[in-house]
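Fold and contact review
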Amino acid sequence: MIEEDKNLNWNKFINIISLINKDNKWMKQYKDASNLKARINIHEKFSINEEGWMEWFFKELPLKENCKVLELGCGDGSLWAKNYNKIPKGWEIYITDFSEGMLKDAKSNLKGKLKRFHFNVEDAENISYEDKTFDIVIANHMLYHLNDIEKALGEIKRVLKKDGYIFASTVGKSHMMEMRDFLSKVDEEILEVESFNLTNKFQIENGYDILSKVFKDVESKRYMDNLKITEEKALIDYIISMESDIVKRLNENKLIELEKILEKEKEEKGYIYITKDTGYFKGRK
């Protein structure tokens, strides 16, 4: 549905989730390989900042000619697909993800360019590469998904060369806060769901303290952007693509009520305004 018309039929999607929810392993793989596209779509379509996140983030990397780069949690490979022509010829790039489904998606996104990259299924908490292998390790919006961030940071430090860099992006507490307000109007307790608090483990507000325990010269930079959404269904698609424990609380009646709230918001303001709070941390071994 995403590939054909950039939208999800969320009634069908809810039914699919209810059928497969018992199979957590399959559910996780499906989420990793498909739902990310719905979340990316809303940012690409309605962001105020014309320079997309991936393009902005890539420019922040130290673009010296010879560099060995490891990306942990590559998603669909958008960082490299969107910046392919800007990659220095001397770069050796290792693209990894914990999910085989997501890695397959990245290969598809980079079709015709695969020779430039090495692909591998990788657990950030137990990285398979040898000590002092990489000049840069990228963890793009993924550290807060890990069970043991401290262990992962230790592994990242281990595989970095002397004076190598970690680039770890994340979100702040105010990220998408209006969406949370809209959801709370149809379900007062939904914000107590664990998935809504997932990013608390590694956010812009606490990331400096976490990274500074492992790396030196830690600094951060924010990406300036917000959303002006003119299609309420796009925001519903985004919500449906979120963690399954959130989606389970949203039956058809609640989704209909939510859609009415969003329609009213759009009619009053001309768009649905959503705050984005995103940035990255850079640290040196």
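Refer to the structure above for everything that follows.
In this text the structure is predicted, and so the values were computed from the model without any measurement. (Residues numbered from 1 in each chain as written. Predicted model: local features only at pLDDT ≥ 70, side-chain atom pairs only at ≥ 80, totals over all residues. Heavy atoms only, no water.)

Attention now moves to the overall build of the protein. Within the protein, the secondary structure is distributed over 12 helices and nine strands. Relative to its full complement of 285 residues, the protein shows a buried share of 49%. A separation threshold of at least 6 residues defines the contact pool for the protein, and within that pool the share at least 24 residues apart is 82%. Surface accessibility of the protein: about 14,400 Å² in total, with carbon and sulfur atoms responsible for 46%. (Helix = DSSP H or I, 4+ residues; strand = E, 2+ residues; numbered from the N terminus. Buried < 20%, exposed > 50% of the residue type's maximum accessible area, 1.4 Å probe, protein only. Contact = heavy atoms within 4.5 Å. Areas by Shrake-Rupley, 256 points an atom, 1.4 Å probe, with all protein chains shown as cover.)

Turning our eyes to something else, we now look at the packing of aromatic side chains. In the structure shown here, the tally under the stated rule is 19 aromatic pairs. Judged by centre distance (6.3 Å) and plane angle (55°), the ring pair of Y165 and F167 falls under tilted. F167 sits in the buried class, given a relative accessible area of 1%. One cation-aromatic arrangement involves K113 over Y84; the distance from NZ or CZ to the ring centre is 5.4 Å. (Phe/Tyr/Trp six-rings, centres within 6.5 Å; stacked < 30°, edge-to-face > 60°. Lys NZ or Arg CZ within 6 Å of the ring centre and 35° of its normal.)

This paragraph deals with the packing of helix α8 (residues 177-186) against helix α10 (residues 232-240). At a minimum axis separation of 12 Å, α8 and α10 run at an interaxial angle of 85°. On the basis of the axis angle, α8 is roughly perpendicular to α10. Residue-level contacts link M179, F182 and L183 of α8 to L235, Y238 and I239 of α10. When grouped by side-chain class, the residues that make up the contact of α8 with α10 number six nonpolar, no polar and no charged. (Axes fitted to C-alpha atoms, helices over the stretch in contact; angles between N-to-C directions. Parallel < 35°, antiparallel > 145°, perpendicular 65-115°, else oblique. Nonpolar A, V, L, I, M, F, W, Y, C, P; charged D, E, K, R; others polar.)

This next bit is on helix α4 (residues 53-60). Among the residues making up α4, those that are buried are W53, M54, W56, F57 and F58. Lining the buried residues of α4 we find α5 (78-81), β2 (91-97), β4 (134-140), β5 (160-171), β6 (216-223) and β9 (278-284).

With that out of the way, let us pick up the pattern of salt bridges. Counted under the stated rule, the structure contains 19 salt bridges. Residues R249 and D187 are paired through a salt bridge, measuring 2.9 Å at the closest nitrogen-oxygen approach. Linking R249 in the loop between α11 (244-247) and α12 (252-269) with D187 in the loop between α8 and α9 (207-212), this pair joins segments that are 62 residues apart in sequence. Ionic pairing is found between D217 and R284, a salt bridge with its closest N-O pair at 2.3 Å. In this pair, D217 is assigned in strand β6 and R284 in strand β9, connecting sequence segments 67 residues apart. Linked through salt bridges whose partners overlap, the residues forming this network are D163, K216, D217 and R284. (Salt bridge = Lys/Arg side-chain N within 4 Å of Asp/Glu carboxyl O.)

Moving on, we get to the nonpolar core. In terms of nonpolar packing, the biggest core is built from 28 residues, with M179, I229, L235 and I274 touching the most fellow members. Going through the elements one at a time, α3 (24-46), α8, β7 (226-229), α10, α12 and β8 (272-275) are the ones with two or more residues in this core. The greatest single-element share of this core, amounting to six residues, is contributed by α10. Residues contacting L235, with those up to four places away along its chain left out, are I42, M179, F182, I229, L262, I272 and I274. Counting residues in each nonpolar core, the second largest holds 27 residues, with A124, L146, I149 and A168 among its members. (Core = buried A, V, L, I, M, F, W, Y, C linked by side-chain atoms within 4.5 Å.)

With mixed pairing, the seven strands of this open sheet are ordered in space as β3-β2-β1-β4-β5-β9-β6. Each having just a single partner strand, β3 (117-121) and β6 make up the two edges of the open sheet. The sheet shows a mean angle of 15° between the axes of neighbouring strands, taken without regard to direction. Relative to β9, β5 runs antiparallel, the two sharing seven bridges. Residue Y165 lies in a different strand from β9, and its bridge partner there is R284. (Pairing = 2+ DSSP bridges.)

On the secondary structure map, I190 appears in the loop between α8 and α9. Assessed through its relative accessible area of 0%, I190 is described here as buried. Taking the C-alpha atoms as reference, I190 lies 9.0 Å from L250; in sequence the two are 60 residues apart.

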